[in-house]
Amino acid sequence: MNEFITTLAKKIPDVSVRDLVFCSALNPALDGHGDGAEILKHFLLRKPVKHVLEIGTCNGLATAFMAQYAEKITTIDILGNPLTRRIWNAMGVSDKITS
């Protein structure tokens, strides 16, 4: 488990790690390489990112992760998830995200 998810799990202890990574690009089981967070971080650090458009917010975990490296995130999802705002608030990135 990567450091970002470990930190978040400590900030929202009533939510299981499984629920946090269920549909996220940060889930090592989904990306096939072992750590989606490192791959995403490498991509975001290659060139300064001002604005990210994310389609498919799910629970907002990847959104919160990307907000550490981008000035602004716009994210779109047709379904709402009650964890989304909790994750963004816990990681202190809500002010960078528009949904």
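Residues numbered from 1 in each chain as written. Predicted model: local features only at pLDDT ≥ 70, side-chain atom pairs only at ≥ 80, totals over all residues. Heavy atoms only, no water.

1. A short note on the overall build of the protein chain
Note the threshold: Secondary structure is summarised from DSSP: a helix means a run of H or I of at least four residues, a strand means a run of E of at least two, and numbering begins at the N terminus for each. The rule is simple: take the accessible area with a 1.4 Å probe, protein chains only, and divide by the maximum for that residue type; under 20% is buried, over 50% is exposed, in between is partly exposed. In what follows, a contact means two residues having at least one pair of non-hydrogen atoms within 4.5 Å. We get accessible surface area from the Shrake-Rupley algorithm with a probe of 1.4 Å; when it comes to residues, only the shown protein chains can shield them.
Each helix and strand counted, the protein chain has 6 helices and 3 strands in total. If you list the helices and strands of the protein chain from N to C, you get α-α-α-α-β-α-β-α-β. A buried classification covers 39% of the 99 residues belonging to the protein chain. Pairs at least 24 apart in sequence give 51% of the contacts found in the protein chain among residues at least 6 apart. Carbon and sulfur atoms make up 57% of the accessible area of the protein chain, which amounts to about 6,000 Å² in all.

2. Structural notes on the nonpolar core
Condition: Buried Ala, Val, Leu, Ile, Met, Phe, Trp, Tyr and Cys residues that are joined via side-chain atoms within 4.5 Å together make up what is termed a nonpolar core.
In terms of nonpolar packing, the biggest core is built from 27 residues, with Phe4, Leu26 and Ile87 touching the most fellow members. Looking at this core, the elements with two or more residues in it are α1 (3-11), α2 (17-21), α4 (36-45), β1 (49-55), α5 (61-67), β2 (70-76) and α6 (83-90). For this core, the element with the highest residue contribution is α5, accounting for 5 residues.

3. With respect to α1
Keep this limit in mind: Note: the arc covers the axis-to-C-beta directions of the helix.
For α1, the full list of buried residues reads Phe4, Ile5, Leu8 and Ala9. One side of α1 carries all its buried residues, which in axial view fall inside an arc of 130 degrees. Structural note: α1 exposes Glu3 and Lys10 on the side pointing more than 90 degrees away from its buried face.

4. Concerning the confidence of the model for the protein chain
Quick note on the threshold: Residue-level confidence of the predictor is summarised by pLDDT, bounded by 0 at the bottom and 100 at the top.
Residues at a pLDDT of 70 or more form 87% of the protein chain, whose mean pLDDT is 85. Within the protein chain, strand β3 (residues 97-98) carries the highest mean pLDDT (96), whereas helix α3 (residues 28-31) carries the lowest (54).

5. Quick notes on the layout of surface pockets
Which entries qualify depends on this criterion: A 1.4 Å probe that fits but cannot get out identifies a cavity on a 1 Å grid over protein atoms alone, an open set with protein on both sides within 12 Å along at least five of seven lines counts as a pocket, and a residue lines either if it has an atom within 4 Å of a point. Grid points are joined across faces, edges and corners, and a volume is the space filled by probe spheres set on the points. For this classification, Asp, Glu, Lys and Arg are treated as charged, while Ala, Val, Leu, Ile, Met, Phe, Trp, Tyr, Cys and Pro are nonpolar and the rest, including Gly, are polar.
In this structure, the largest pocket occupies an estimated 160 Å³ of space. Around the largest pocket, the lining residues are Asn2, Glu3, Phe4, Thr7, Ala37, Glu38, Lys41, Phe65, Gln68, Tyr69 and Met91. Grouping the amino acids of the lining of the largest pocket by side-chain chemistry returns 5 nonpolar, 3 polar and 3 charged.

6. Considering the side chain of Glu54
What counts, and what does not: Think of it this way: Lys and Arg go in the positive column, Asp and Glu in the negative one, and His and the chain ends go nowhere. Only one rule defines a salt bridge in this text: a Lys or Arg side-chain nitrogen within 4 Å of an Asp or Glu carboxyl oxygen.
Residue position: Glu54 is located in strand β1. Buried charge without a partner: Glu54 forms no salt bridge, and the closest opposite charge is Arg85, 11 Å away. Apart from the residues within four sequence positions on either side, Glu54 is in contact with Ala62, Thr63, Met66, Thr74, Thr75 and Ile76.

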